[in-house]
Amino acid sequence: MSDHGFGSEPSGHIPEPADRWLLVAVAGLLSFVAMLDMNIVNIALAAISDSLDVSAATAQWAVLGYQLPVVALLLPVGRWLDGVGQRSALLVAAGGFAVCSALAAVAPWVAWLIAARIAQGAFGAVLFVLMPVLAIRSVRPEARGRAMSVPATLGPLGAVTGPAVGGLLLDHLGWRAVFLVKIPVCLLALVVAWRAMPKDGRLRGLDRRALVDTALVATGVTVLLASLTLAYDAPGWLLPALAAVPPLWWWLRGPGGRPVTGALRDSRAYPAHGAVLGLAAGFAATHYVAALYLQRDTGFSATATGLALLAFPLGMGVAGPVGGRLADRYGARPVAVVGASLTALGLLLLVPLGDDWSLPDIAWRLALAGVGMGLNGGPTQALVMGAAPRERTATVAATLQLARSLGFTVGPALATAAWGLAGPADGVRAGLALAAVAACAAVPLIAFRGRTAPSPAGEGAGAAPGTSPATAPTAAAGGRTPGTPPETAAGPRDRTATDEEPDETTDAASAARP
């Protein structure tokens, strides 16, 4: 079918917008930095405790002070970003993140350090949500898979490599360098955003209703995360997580939560969110159980254990770009399903872990699971965000990030509980089996094809590269002016309610052009 209707200019006469891969690279780098900060400080806690003369429990807040606001503010930040300009938000978030890093590095006492980390967590929440939005809006729909694979791969790699990077900096430059290392990347992002991103809408403050919504979500998510974190050592802490239900339920039933559930319902994204949570929980549980087993039960050194566990991020880093290219060629969903299946297979092969296994025996199974995660990450994000209403792209990005963050937290907690219930003899296998079950559950969830109602032209997240929510309608409609019926500019639509998501096969747009 032609992609232009009667009386309209042929699509070949309309200049094709250029993909802004420099902005995609910035999205990947900032995703790496934001995730790096989730774990890089862990290894410096003892040095911080000694330098600032505080207890180890107090020094732990240098980590929690960042992690809690990052996750607790994801949903409110997503709603806020849907109504402001990307360029302004990126400049403020990257600049604030860099300033807070510098303040943390020069902290003369622990209260200063914790305050800087809490503020940095708020800016980090903006980066977490904004980076996939920046990536998907910087390219044409047929390049979404490649674009989304950049932050989807570099973000988790930042989390996994954080302890290694932190250890190198701590040994050679001291604990303050752990905070300074992110500043050059933030400065580079500021320069690129200032020069390459078009001016768009201004920032706006939060009204009273938005502040109430933020307080409800932050309270519920913080209680949930605290319970899951404490459950690592005492599974009984899972019960207080029920206290998170009232504030989150109140928010979901109110005017702040309805647009979020509406966006997920319109894009049929609930199963994919479950898949993201399951894969994240499976990976985190496996990493946690394998690290404890190798060091405590087998006597392998920390270096040998780290090298074996490094197989997962290596596999993920190699497969991430490949997954994006395959998604653009064959469609996002098939590639995501294959990736989830490989991850599940790798984790299943780890379940019979025994004392007679060598490090290579463990490493190749982890590498297989990592390859699967690399193939799955970008296509899954492209699939979900591409089907989201354009005016709710950041909201859906926030829900995806929240699902992944909860998976990373709940995985080790449930693995610990399974280990304790199974006893010392079978605890390792029980924890690994739980991780494998979580990954296996993700396969049918990501394969599920929801029924989507027909959407008018230009409604999806893939507006023309460089456009903001305020200016995208004209570009996304193929050059038509606002108010012109979609049929006039793009030809009559013949999609039905059983159609797949508009970006199910991301090269469909290029295939339709003469």
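All chains use their own residue numbering, which begins from 1 and follows the written sequence. pLDDT decides what is reported in this predicted model: residues at 70 or higher carry local features, side-chain atom pairs at 80 or more are listed and counted, and totals for whole chains, interfaces and linings draw on all residues regardless. The side-chain figures draw on all heavy atoms in the structure; neither hydrogens nor water molecules are used.

Draft legend 1. Spotlight on the overall build of the protein. The helix and strand inventory of the protein stands at 23 helices and zero strands. The buried share of the protein, taken over its 514 residues, is 54%. Residues are treated as being in contact if the distance between any of their heavy atoms lies within 4.5 Å. The contacts of the protein with a sequence gap of at least 6 include a subset with a gap of at least 24, amounting to 84%. Total accessible area on the protein stands at roughly 21200 Å², and carbon and sulfur atoms take up 67% of it. Helix numbers and strand numbers start at the N terminus; a helix is a DSSP run of H or I with at least 4 residues, a strand a run of E with at least 2. Each residue is assigned to one of three classes by its accessible area relative to the maximum for its type, calculated with a 1.4 Å probe on protein chains only: buried under 20%, partly exposed between the two thresholds, exposed over 50%. Note on areas: Shrake-Rupley, 1.4 Å probe, and residue coverage restricted to the protein chains presented here.

Draft legend 2. A look at the nonpolar core. Among buried residues, the Ala, Val, Leu, Ile, Met, Phe, Trp, Tyr and Cys ones that are joined through side-chain atoms within 4.5 Å form a nonpolar core. By size, the foremost hydrophobic cluster in this structure holds 112 residues, and its most contacted members are Leu81, Leu90, Leu127, Phe128, Val129 and Met131. Among all residues touching Phe128, those that are not within four sequence positions of it are Ala34, Met35, Met38, Tyr66, Val70, Leu74 and Gln401. The next biggest cluster of nonpolar side chains, apart from the first, holds 23 residues, and it includes Ala104, Ala105, Leu113 and Val178.

Draft legend 3. Quick look at the side chain of Ser138. With respect to the element layout, Ser138 can be found in the loop between helix H7 (110-137) and helix H8 (144-173). When its relative accessible area of 2% is taken as the criterion, Ser138 is described as buried. Looking at Ser138, its side chain comes within polar contact range of the main-chain oxygen of Leu134, at 2.5 Å. Polar contacts, as used here, are pairs of N or O atoms within 3.5 Å; protein pairs need one atom able to donate a hydrogen and one able to accept it. Residues neighboring in sequence count only if both atoms are side-chain atoms.

Draft legend 4. Looking closely at the environment of Pro151. Inspection of the secondary structure assignment puts Pro151 in helix H8. Given a relative accessible area of 7%, Pro151 falls into the buried group. Sequence-wise, Pro151 and Ala25 are 126 residues apart; in three dimensions their C-alpha atoms are separated by 8.2 Å. If we skip the residues at most four places from it in the chain, Pro151 touches Ala27, Gly28, Ser31, Ala135 and Pro156.

Draft legend 5. Representation of the confidence of the model for the protein. Predictor confidence is given residue by residue as pLDDT, running from a minimum of 0 to a maximum of 100. Counting all residues, the mean pLDDT for the protein is 78, and 82% of those residues have values of 70 or more. The secondary structure element of the protein with the lowest average pLDDT is helix H22 (residues 486-490), at 35, and the one with the highest is helix H17 (residues 332-350), at 94. Low pLDDT (under 50) marks residues 452-459, which in the prediction has 21 contacts with non-local residues, meaning those over four places away or in another chain.

Draft legend 6. Highlighting empty space enclosed by the protein. Space inside and on the surface of the protein is sampled on a 1 Å grid over the protein atoms alone, with a cavity defined as a set of points where a 1.4 Å probe fits but cannot get out and a pocket as an open set with protein on both sides within 12 Å along at least 5 of 7 lines; lining residues have an atom within 4 Å of a point. Grid points are joined across faces, edges and corners, and a volume is the space filled by probe spheres set on the points. In this structure the tally under the stated criterion is five cavities of 30 Å³ or more. Around the largest cavity, the lining comprises 14 residues; the ones closest to its centre are Pro156, Met373, Asn376, Gly377 and Arg404. Of the residues forming the lining of the largest cavity, the biggest block, five residues, is contributed by helix H18 (residues 359-387). Looking at the lining of the largest cavity residue by residue, the classes come out as nine nonpolar, four polar and one charged. Classes in brief: Ala, Val, Leu, Ile, Met, Phe, Trp, Tyr, Cys and Pro nonpolar; Asp, Glu, Lys and Arg charged; the others, Gly included, polar.

Draft legend 7. Layout of the environment of Arg209. With respect to the helices and strands, the residue Arg209 is situated in helix H11 (residues 208-230). Counting along the chain gives 46 residues from Arg209 to Pro255, while the straight-line C-alpha distance between them is 8.5 Å.

Draft legend 8. Here's a closer look at the pattern of salt bridges. Any carboxyl oxygen of Asp or Glu within 4 Å of a side-chain nitrogen of Lys or Arg constitutes a salt bridge here. Applying the stated criterion across every chain yields a total of four salt bridges. Between Arg117 and Asp37 there is a salt bridge, and its shortest N-O distance comes to 2.8 Å. A residue pair is termed long-range when its members are at least 10 positions apart, and Arg117 in helix H7 and Asp37 in helix H1 (residues 21-39) qualify at 80 residues. You can call Asp37 buried: its relative accessible area is 1%. Close ionic contact of Glu142 with Arg140 constitutes a salt bridge, the shortest N to O distance being 3.5 Å. What makes Glu142 buried here is its relative accessible area of 7%. Note on Arg140: relative accessible area 21%, which makes it partly exposed. Overlapping salt bridges, with partners in common, bring together Asp37, Arg117 and Lys182 in one network.

Draft legend 9. Summary view of the packing of aromatic side chains. Two aromatic rings from Phe, Tyr or Trp, using only the six-membered ring of Trp, form a pair when their centres are within 6.5 Å; if the ring planes differ by under 30 degrees the pair is stacked, by over 60 it is edge-to-face, and anything between is tilted. Enumeration according to the criterion identifies five aromatic pairs in this entry. Look at Phe283 and Phe312: their rings are 4.3 Å apart centre to centre, the planes differ by 25 degrees, and that puts the pair in the stacked class. One end of the pair, Phe283, is in helix H14 (residues 270-297); the other, Phe312, is in helix H16 (residues 311-330), and 29 residues separate them in sequence. Its relative accessible area of 12% is what places Phe283 among the buried residues. Here Phe283 and Phe408 contribute two aromatic rings whose centre-to-centre distance is 5.9 Å and whose plane-to-plane angle is 75 degrees, an arrangement assigned as edge-to-face. With Phe283 in helix H14 and Phe408 in helix H19 (residues 393-422), this residue pair connects regions lying 125 residues apart in the sequence. Here the aromatic residues Phe283, Phe312 and Phe408 are joined through ring pairs into a cluster of three or more.

Draft legend 10. Structural view of a nonpolar patch on the surface. Taken together, the side chains of Val99, Leu103, Val106, Trp109 and Trp112 define a hydrophobic patch exposed on the protein surface, amounting to about 490 Å² of accessible area. Mapped onto the elements of the fold, Leu103 is located in helix H6 (residues 86-105). By relative accessible area, Leu103 is classed as partly exposed at 36%. Each patch is built from residues lacking any salt bridge and having more than 30% relative accessible area; the joining distance is 9 Å for like charges and 5 Å for nonpolar side chains (Val, Leu, Ile, Met, Phe, Trp, Tyr).

Draft legend 11. Looking closely at the side chain of His273. Within the fold, His273 resides in helix H14. Overall, the relative accessible area of 9% leaves His273 in the buried class. Apart from the residues lying within four places of it in its own chain, the contact partners of His273 are Leu264, Val384, Val396, Thr399, Leu400 and Ala403.

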